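# Per-entry structural report
For reference, the chains in residue letters:
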Amino acid sequence: MRILFMGTPELAAVTLRAIDEKEGTEIVGVVTRPDKPKGRGMKMLASPVKEYAEAHGIPVYQPKTLRGGAFDEDLRALDPELIVVAAYGNILPHEVLVYPKYGCVNAHGSLLPKYRGASPIQRAILDGERETGITAMYMDDGLDTGDIIEKYPCPILETDDCGTLTERLAKLAGEAMCDVIDRIEAGTVTRTPQPEEGASYAAKIEKEDTVLDFGESARDLVNRIRALHPSPCAATTLPDGSPLKITAARAVDDDSDAEPGTILAADGKGTGGITVRCGEGALFVTGLIPAGKKNMTAGDFVRGRRVSPGDRWGI
RNA sequence: CGCGGGGUAGAGCAGUCUGGUAGCUCGUCGGGCUCAUAACCCGGAGGUCAUGUGGUUCAAAUCCCUUCCCCGCAA
């Protein structure tokens, strides 16, 4: 089957690999977002999907937009029978959606209709959900509103953060898309309209979403830290005003009457831990990234004498 | 040339402004104490202070310059 793949981040690259390695499929091309200047010195950075495609000799297309017929000529030349989309990041116009014989299918990182939109995985963890998954669906003109082919559930573990969960969902997305391709070839694919009930929108993560407010409960703060790890990471500020990213922490009981944000204890033995008073309970921080430094344990941070009980964070 | 921080013992840091025999908290190794211990006490090993036959100097981790690498912010 001639397949055109559209996607951008790591999750999409993993899905692409699964389809590419599947028997009977031919990836005729890959559409991914244009390289953009990124990081120090504004160096150009290619998407994971582009890297995979180039390493495997698959033609890469990076149109700024698919709208207005900008991609029509390439689309006709590639003549795909099916378009598979995974976290592409751009809107697909109607004429593209209806072009392939078998349509456009998408792997979305949530159990639709919940968490439609840009950041379903992060939002699910942020909300403390216990389960999420991949939804295989036909795309329509709306934002993740198309008919559902199949849902593939996946539990969210206590120990999961966005990185580990995304890894599992990526693998699942690959399996899901292979499954869908099998069904299409066998003619057994079905489509079920999404119920409106339970629909929600997972907005893109913005900078303000990364700020830790110690007035919240320790439990919510832990979810925020998990949801944003390993990137961009939840952060607070040190007494000197410099930013501090928190990479790992757990909630602990505490009934002291200290102000939220107060350091209750700083243990520098071994892995160590820094206990921070929250609106409810306390946050036991075990991993962090100071400005200009790499990820380190709380113990390392304490040993460097950069925190002591009584300090306030996040002011 | 987007703004900025940093590279000192296995780890995290101080020392750099005000040049003058390399220090702290840990880890590690050995010994002691203890019913016992990740606790405590004693002792030891471990660093060409990123790079350069670089510059200045009586003397450079420290001042000046080169190159490489790491990271935060902003996009």
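So, here's what we can say about the structure. Everything numeric here is computed off the predicted structure, so don't read it as measured data. (Residues numbered from 1 in each chain as written. Chains lettered and ligands numbered in written order. Predicted model: local features only at pLDDT ≥ 70, side-chain atom pairs only at ≥ 80, totals over all residues. Heavy atoms only, no water.)

The next subject is the overall build of chain A. Summing up its helical and strand segments, chain A has eight helices and 15 strands in all. Among the 315 residues that make up chain A, the fraction classed as buried is 48%. Sequence separation of 24 or more characterises 64% of the internal contacts of chain A that already satisfy a separation of 6 or more. (Helix = DSSP H or I, 4+ residues; strand = E, 2+ residues; numbered from the N terminus. Buried < 20%, exposed > 50% of the residue type's maximum accessible area, 1.4 Å probe, protein only. Contact = heavy atoms within 4.5 Å.)

This part covers unusual backbone geometry. Comment: phi is negative for the bulk of residues other than glycine, and the bulk of peptide bonds are trans. The linkage connecting Leu112 with the following residue, Pro113, adopts the cis geometry, with an omega of 15 degrees. Along the polypeptide, Pro113 turns up in the loop between strand S7 (104-108) and helix H5 (120-126). Note that the residue after His229, namely Pro230, is joined by a cis bond; omega there is 5 degrees. With respect to the secondary-structure elements, Pro230 resides in the loop between helix H7 (218-228) and strand S10 (234-237). Positive phi, close to 45 degrees, is recorded for Asp79, a residue that is not glycine. For Asp79, the location among the structural elements is in the loop between helix H3 (72-78) and strand S6 (82-86). Exposure remark for Asp79: the relative accessible area of 38% places this residue in the partly exposed category. Residue Tyr115 is not a glycine yet carries a positive backbone phi of 55 degrees. Among the secondary structure elements, Tyr115 is positioned in the loop between S7 and H5.

On to the sheet that holds strand S9 (residues 148-155), then. Taken together, the seven strands give an open sheet; going across it, the order is S5-S2-S1-S6-S7-S8-S9, and neighbouring strands pair in mixed fashion. The strands lining the two open edges of the sheet, one partner per strand, are strand S5 (60-61) and S9. Across seven bridges, strand S8 (residues 131-138) lies against S9 in antiparallel orientation. Bridging from a neighbouring strand, Thr132 pairs with Cys154 of S9. Along the sheet, helix H1 (residues 10-20) contacts strand S1 (2-7), strand S2 (26-31) and S6; its crossing angle with S1, the most-contacted strand, is approximately 170 degrees. The sheet strands contacting helix H6 (residues 162-186) are S1, S6, S7, S8 and S9, and the helix crosses S9 at an angle near 150 degrees. (Pairing = 2+ DSSP bridges. Axes fitted to C-alpha atoms, helices over the stretch in contact; angles between N-to-C directions.)

If you trace the backbone, Asp140 turns up in the loop between S8 and S9. With 36 residues separating them along the chain, Asp140 and Cys104 place their C-alpha atoms 8.4 Å apart. In this view, Asp140 contacts Leu97, Thr145 and Gly146; residues no more than four positions away in its chain are not counted. Looking at Asp140, its side chain comes within polar contact range of the main-chain nitrogen of Gly142, at 2.9 Å. (Polar contact = N/O pair within 3.5 Å; in protein donor to acceptor, adjacent residues only side chain to side chain.)

Right, let's talk about the nonpolar core for a bit. Side chains of nonpolar character tend, in soluble globular proteins, to be buried together. Residues Phe5, Val105 and Met177 are the most contacted members of the largest nonpolar core, which totals 44 residues. It is H6 that provides the largest number of residues to this core, a total of 11 residues. Apart from residues lying up to four places away in sequence, Val105 is in contact with Leu82, Ile83, Val84, Val85, Met137, Tyr138, Met139, Ile149, Met177, Val180 and Ile184. Among the nonpolar cores identified, the runner-up in size contains 26 residues, and Leu212, Ala218, Ala249 and Leu283 belong to it. (Core = buried A, V, L, I, M, F, W, Y, C linked by side-chain atoms within 4.5 Å.)

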